[in-house]
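Each chain, letter by letter, is given below.
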Amino acid sequence: LGGTSHTRPILYESGGPQVAYTPHSRLTMKPYRIAVAFSLLVNVILLVTMVGMSSSRSNSLGSAPSAITSRAGSQMISRIAGSSMNLDRPDMCAWAEEDGGRRGGRGGPRGRGGRGPRFEEKVLQVRRITKVVKGGKNMGFRALVAVGDKNGRIGLGCASAKEVMVAVEKASIEAKKTAITVPITKDYTLPHRLDVEWGAAQVMMKPASEGTGLVAGGAVRTILELAGYQNARGKQLGTDNTLNNAKAVLEAFKSFDIEKIKANGLV
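On a predicted model such as this, the values are computed, not experimentally measured, just so you know.

Procedures and definitions
- Residues numbered from 1 in each chain as written.
- Predicted model: local features only at pLDDT ≥ 70, side-chain atom pairs only at ≥ 80, totals over all residues.
- Heavy atoms only, no water.
- Helix = DSSP H or I, 4+ residues; strand = E, 2+ residues; numbered from the N terminus.
- Buried < 20%, exposed > 50% of the residue type's maximum accessible area, 1.4 Å probe, protein only.
- Contact = heavy atoms within 4.5 Å.
- Expected span 1.5 Å × (residues − 1).
- Polar contact = N/O pair within 3.5 Å; in protein donor to acceptor, adjacent residues only side chain to side chain.
- Pairing = 2+ DSSP bridges.
- Axes fitted to C-alpha atoms, helices over the stretch in contact; angles between N-to-C directions.
- Phe/Tyr/Trp six-rings, centres within 6.5 Å; stacked < 30°, edge-to-face > 60°.
- Core = buried A, V, L, I, M, F, W, Y, C linked by side-chain atoms within 4.5 Å.
- Parallel < 35°, antiparallel > 145°, perpendicular 65-115°, else oblique.
- Left-handed = near helix turned anticlockwise from the far one by under 90°.

1. Some points on the overall build of the protein chain
A count of helices and strands for the protein chain gives 7 helices and 10 strands. Every one of the 267 residues in the protein chain was classed for burial, and the buried ones make up 26%. Restricting to contacts in the protein chain with at least 6 residues of sequence separation, those with at least 24 account for 51%.

Structure (structure tokens):
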């Protein structure tokens, strides 16, 4: 291992094979030592932070240095995680549960109160469908969903998809878009009798006195309940097909002359 005087290796023997270190190799080892020292420093800071957090959570009364250490550790964890130390509170997501979890954008909430009606949805029917194509058959599902706010707003949606959840979601969106307003009297009943036909379905609905409740079945009862009626009578006189009966009820609601009903003082 010849060379000049400034590159001549220095041999060390430590109970094993001899290792040669040169001044050049010492320079290359300096960044490695800095990295190791920095890693040890980070580990010490994390250990101190964990000790401070455990002491603060146990609500123990410590000295002033321990309090300062726990506070600094809490701030460091908050900055790293991007959240506060109160993540375990049960009310941290309360804002997401209020009023459907929708928040206003810049300048505050939009519209009156910032939110629309809160609809309650019910699945009336889920059926398996088949679409015949050139290559064979495509299986899917059709969902019939009714939505209402129980305060005069009611909608009906029907959609199909390859999965049940997707079909229900699409039907719910359609029902909310096509929701209509129906009149409700002071006794929470219908203003007058309704007789309607839709295909093979024949539906009869008429008002009832207070305390009667909903005397109906099938899709008629569900739609009356979602619309907000509490006292009414209904009957399916034709087919038992859920889709046709539900559409018949919606057609009957569309036949209401709201202006005339208000003029007669029924609502």
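2. Here's the deal with helix α6 (residues 242–254)
The terminal C-alpha atoms of α6 lie 19 Å apart, and with 13 residues this matches the ideal 18 Å at 1.5 Å per residue to within 8%. Listed in full, the buried residues belonging to α6 are Leu-243, Asn-245, Ala-246, Ala-248, Val-249, Leu-250, Ala-252 and Phe-253. In this structure Asn-241 caps α6, since a side-chain oxygen of it lies 3.0 Å from the backbone nitrogen of Leu-243.

3. Considerations on the sheet that holds strand β3 (residues 120–133)
A sheet is described by the order of its strands in space; here 4 strands give the open sequence β3-β4-β5-β6, paired in antiparallel fashion. Taken across any chain shown, the strands that pair with only one partner, and hence form the sheet edges, are β3 and β6 (180–181). Strand direction decides the pairing type here: β3 and strand β4 (residues 136–148), joined by 13 bridges, are antiparallel. For Glu-121, the partnering residue across the bridge sits in β4 and is Val-147. Where helix α5 (residues 218–227) meets the sheet, it contacts β3, β4 and β5 (153–161), and its direction lies at approximately 135 degrees from that of β3. Against the sheet, α6 makes contact with β3, β4, β5 and β6, and its axis sits at roughly 145 degrees relative to β5, the strand it touches most.

4. Notes on the environment of Gly-265
Mapped onto the elements, Gly-265 comes out in the segment after α7 (258–263). Residues Gly-265 and Pro-191 lie 74 residues apart in sequence; the distance between their C-alpha atoms is 9.8 Å.

5. Side note on the packing of aromatic side chains
On inspection of all chains with the given rule, the structure shows 2 aromatic pairs. Pairing Tyr-229 with Phe-253 gives two aromatic rings, centres 5.9 Å apart and planes at 40 degrees, and the pair type is tilted. Remark: Phe-253 occurs in helix α6 and Tyr-229 occurs in the loop between α5 and β10 (232–236); sequence separation between them is 24 residues. Given the relative accessible area of 2%, Phe-253 is considered buried. Judged by centre distance (6.1 Å) and plane angle (15 degrees), the rings of Phe-253 and Phe-256 are stacked. When sorted by exposure, Phe-253 lands in the same class as Phe-256, which is buried. Aromatic ring contacts, followed pair by pair, group Tyr-229, Phe-253 and Phe-256 into a single cluster.

6. Observations regarding helix α4 (residues 164–177)
Between its first and last C-alpha atoms α4 spans 20 Å; for 14 residues at 1.5 Å apiece the expected length is 20 Å, and the two agree. Those residues of α4 that are buried are in contact with β3, β4 and β5.

7. Describing the nonpolar core
One finds Ile-154, Leu-190, Met-205, Ile-223, Leu-224, Tyr-229 and Phe-253 to be the most contacted residues of the largest nonpolar core, which totals 33 residues. Elements supplying a minimum of two residues to this core: β4, β5, β7 (194–198), β8 (201–207), α5 and α6. Among the elements that take part in this core, α6 stands out by supplying 7 residues, more than any other. Residues contacting Leu-190, with those up to four places away along its chain left out, are Thr-185, Met-205, Lys-206, Pro-207, Leu-224, Tyr-229, Asn-231, Ala-232, Phe-253 and Phe-256.

8. Here's the deal with the packing of α5 against α6
Relative to each other, α5 and α6 sit at 40 degrees, their axes nearing to 8 Å. The pairing of α5 with α6 is recorded here as oblique in orientation. Two packed elements cross with a definite hand, and for α5 against α6 that hand is right-handed. Facing α5, whose interface residues are Ala-219, Val-220, Ile-223 and Leu-224, α6 presents Thr-242, Ala-246, Val-249, Leu-250 and Phe-253.

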